[in-house]
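Analysis of the macromolecular model
Single-letter residue listing:
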Amino acid sequence: MTSQPTLRKADNGHGGPGGTGNPGSGSGLQAGLKNRHLSMIAIGGVIGAGLFVGSSSGIATAGPGILLSYALVGTLVVLVMRMLGEMSAANPTSGSFSAHADRALGPWAGFSIGWLYWFFWVVVLAVEATAGAVILEGWVPAVPQWAWALIVMVVLTGTNLVSVGSYGEFEFWFAGIKVVAIGAFIVIGGLAVFGVLPGVDSEQAGLSNLTAHGGFLPNGPGAILTGVLLVVFSFMGSEIATLAAGESEDPQRAVTKSTNSIIWRIAVFYLGSILVVVSLLPWDSKSIQDKGSYVAALDSLGIAHAGQIMNFIVLTSVLSCLNSGLYTASRMAFSLGERGDAPKSFAKTTERGVPRTAILVSVVFGFVAVFFNYKFPDSVFLFLVNSSGAVALFVWLVICFSQLRMRKIIQAEAPEKLVVRMWLYPYLTWATAALIVFVLGYMLTDTEHDGRRTVLLSLLVAGVVLAIAVVRQKLGSGRERQRDEVTSG
């Protein structure tokens, strides 16, 4: 059975039960995340900066029909998270789907998907640090953009190095701001759509915008699938709650709660807010493309300083993504170290239960990626972004195949641990896997939005990692056979 990280209750730096408390002793992670931390991590995990800044291109492509694109991807995420929830509730671990794949499909699978996921997040660190630096430079131009990127990376690295509780507290407030902001947007925008918002005269707002201006699908049904390609990556991060649950006092309860709430989270924050946007303004409004969908919607309501308000919300989302990205990358590296798929030093923790080496190695690669973004933006950095772009879909596909096998293992060994069950197993699991493969295949036909390049480069990197995994496994099997022969001789 895949080993589960040793957990100690948070103890303000003193040795807790099950650990020696010596710095660098590798005594394990701490159960330092509170229920309120996990609740907000679960909610905030599905609200990425991509929702605020990337939705305008989807609206331009599919019109009001972008709602169907979000609904389709949202359904896919709900199903994948249900599978992951089933496995993680039965065996909570900071390795999450990588650890499950290790046991269900073999060490090659856990190694490959773990390192690909780590690679994805260290590239995200650079993307988000740069996005945050652009906003901050606009506010304080005296500080150059590269310096802002450095500052935000250093500050959030510091919070992650202090303790898991420090990460949880920062994420609680970052995610809280996102949730309050988008909730207020939905309420205010909804009142304006129905013409009951006091002090606002918005003649163009109304549900008629969903069918006027060329109809609900002005660019045809095919635009729904193109919209899927544009919005699918904004959902990455919903799985963070299952990694974080491994450092809570009641992992099973945390996983169960986050899994069961994923439906309303996606329905409210994604579908609800996009519905408000395309109801407040015609989908082909020039302001949506010029200002961004949410800024244009706020402007249409006559809200002063709408652009700066949205910049603050986007910056909060960026910092949240940076914070969680560093946490996620380091915990995946920690899990890989525990399983022997990374240097053993990755699995060592401080007396506060922090995997210091895993964090520092992750942030160093993040810094390198930031350097590439400023020095070689159109070559090296573009390659990094594109070659990690399809990792989300690879992760979801591996979760599907892992769940098919893990259900049988759990039923045979500990059926009482099946507190979360995938619906209509195995048929819905296979259908979900088929849909993911279809999306990947459709991306290969997309040359307008770089879908083909993203899939091909991601497959190239995945192939290299997989080859390394297979070679390692064969070499490991050969060494085991040699030891067995020496022992028997």
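Scroll up for the structure.
Residues numbered from 1 in each chain as written. Predicted model: local features only at pLDDT ≥ 70, side-chain atom pairs only at ≥ 80, totals over all residues. Heavy atoms only, no water.

Looking only at helices and strands, one finds 19 helices and 2 strands in the chain. When the 489 residues of the chain are sorted by exposure, 58% land in the buried category. In the chain, the share of contacts with a sequence separation of at least 24, taken over all contacts with a separation of at least 6, comes to 78%. Split by element, the accessible area of the chain, about 19500 Å² in all, is 65% carbon and sulfur. (Helix = DSSP H or I, 4+ residues; strand = E, 2+ residues; numbered from the N terminus. Buried < 20%, exposed > 50% of the residue type's maximum accessible area, 1.4 Å probe, protein only. Contact = heavy atoms within 4.5 Å. Areas by Shrake-Rupley, 256 points an atom, 1.4 Å probe, with all protein chains shown as cover.)

Okay, the layout of surface pockets next. There is about 1200 Å³ of room inside the largest pocket. If you go around the largest pocket, you meet 46 residues; those closest to its centre are Gly50, Val127, Glu128, Phe233 and Ser234. Among the secondary structure elements, those contributing two or more residues to the lining of the largest pocket are α1 (35-44), α2 (49-62), α5 (107-139), α7 (164-193), α8 (222-231), α14 (306-338), α16 (380-388) and α19 (451-488). Residue contributions to the lining of the largest pocket peak at 7 residues, all from α5. (1 Å grid on protein atoms, 1.4 Å probe; cavity = no way out; pocket = protein on both sides within 12 Å on 5 of 7 lines; lining within 4 Å. Points joined across faces, edges and corners; volume = space filled by probe spheres on them.)

Once that is clear, we can look at the nonpolar core. If you look at the biggest cluster of nonpolar residues, it comprises 150 residues, and the most contacted ones within it are Phe97, Val395, Trp396, Ile399 and Ile436. Sorting elements by how many residues they give to this core places α5 first, with 19 residues. With residues near it in sequence (within four places) discarded, Ile436 still touches Leu76, Val80, Leu393, Trp396, Leu397 and Cys400. (Core = buried A, V, L, I, M, F, W, Y, C linked by side-chain atoms within 4.5 Å.)

Another point: the packing of aromatic side chains. The full count for this structure, using the stated rule, is 18 aromatic pairs. Aromatic ring contacts, followed pair by pair, group Phe97, Tyr117, Phe120 and Trp121 into a single cluster. If you follow Arg36 out to its NZ or CZ, it ends over the ring of Phe172, 4.7 Å from the centre. (Phe/Tyr/Trp six-rings, centres within 6.5 Å; stacked < 30°, edge-to-face > 60°. Lys NZ or Arg CZ within 6 Å of the ring centre and 35° of its normal.)

Attention shifts here to the packing of helix α15 (residues 356-375) against α16. Between two packed helices, both the angle of their axes relative to each other and the distance between the axes serve to describe the pair. Interhelical geometry of α15 versus α16 gives an angle of 125 degrees and a closest axis separation of 7 Å. One way to sum up the angle between α15 and α16 is to call them oblique. Each of Ala369, Phe372 and Asn373 in α15 lies in contact with α16, whose residues at this interface are Val380, Phe381 and Leu384. Looking at side-chain class alone, the contact of α15 with α16 contains 5 nonpolar, 1 polar and no charged residues. (Axes fitted to C-alpha atoms, helices over the stretch in contact; angles between N-to-C directions. Parallel < 35°, antiparallel > 145°, perpendicular 65-115°, else oblique. Nonpolar A, V, L, I, M, F, W, Y, C, P; charged D, E, K, R; others polar.)

This part is about the side chain of Asn386. In this structure, Asn386 sits in helix α16. For Asn386, the contacting residues outside a window of four places in its chain are Arg453, Thr454, Leu457 and Ser458.

This paragraph deals with the pattern of salt bridges. Inspection of the entire model under this criterion finds 9 salt bridges. For Asp102, the salt bridge goes to Arg339, with nearest N and O atoms at 3.4 Å. A residue pair is termed long-range when its members are at least 10 positions apart, and Asp102 in helix α4 (residues 96-104) and Arg339 in the loop between α14 and α15 qualify at 237 residues. You can call Asp102 buried: its relative accessible area is 15%. The partner of Arg103 in a salt bridge is Glu413, and the shortest N-O contact between them spans 2.6 Å. Of this pair, Arg103 sits in helix α4 while Glu413 sits in helix α17 (residues 391-413), and the two are 310 residues apart along the sequence. (Salt bridge = Lys/Arg side-chain N within 4 Å of Asp/Glu carboxyl O.)

The next thing to look at is a nonpolar patch on the surface. Side chains of Leu105, Trp108, Phe401, Trp430, Leu466 and Val470 sit close together on the surface and give an oily, nonpolar patch of about 500 Å² of accessible area. Mapped onto the secondary structure, Trp430 falls in helix α18 (residues 427-443). (Patch = residues over 30% accessible without salt bridge, like charges linked within 9 Å, V, L, I, M, F, W, Y side chains within 5 Å.)

This brings us to the side chain of Ser388. Following the sequence through the fold, Ser388 ends up in helix α16. Side-chain polar atoms of Ser388 contact the backbone oxygen of Leu384, separated by 3.0 Å. Within the structure, the side chain of Ser388 is placed 3.2 Å from the backbone oxygen of Val385, a separation counted as a polar contact. The contact partners of Ser388, leaving out residues within four places of it in the chain, are Phe119, Phe120, Val123 and Ser458. (Polar contact = N/O pair within 3.5 Å; in protein donor to acceptor, adjacent residues only side chain to side chain.)

For the rest of this paragraph, the subject is the packing of helix α6 (residues 145-162) against α7. Where α6 contacts α7, the two axes come as close as 6 Å, and the packing angle between them is 130 degrees. What the angle tells us is that α6 and α7 run oblique. Contacts between α6 and α7 pair Leu156, Thr159, Asn160 and Val162 from the former with Ser166, Tyr167, Phe170 and Phe174 from the latter. In the contact of α6 with α7, the residues fall into 5 nonpolar, 3 polar and no charged.

Within this structure, the stated rule accounts for 1 cavity of 30 Å³ or more. Of the volumes computed, that of the largest cavity is approximately 30 Å³. Forming the boundary of the largest cavity are Leu72, Val73, Leu76, Val228, Val232, Leu435 and Val439. Examining the composition of the lining of the largest cavity, we find that 3 residues originate from one element, helix α3 (residues 66-90), more than from any other. Split into classes, the residues belonging to the lining of the largest cavity amount to 7 nonpolar, no polar and no charged.

Below, the discussion takes up unusual backbone geometry. For the bond running from Tyr425 to Pro426, omega is 0 degrees, close enough to zero to count as cis. Mapped onto the elements of the fold, Pro426 is located in the loop between α17 and α18. Unusually for a residue other than glycine, Ser96 sits at a positive phi of about 45 degrees. As for its placement among the helices and strands, Ser96 is situated in helix α4. For Ser96, a relative accessible area of 0% corresponds to the buried category. Phi at His213 takes a positive value of approximately 60 degrees, unusual for a residue other than glycine. Turning to its location among the elements, His213 is positioned in the loop between α7 and α8.

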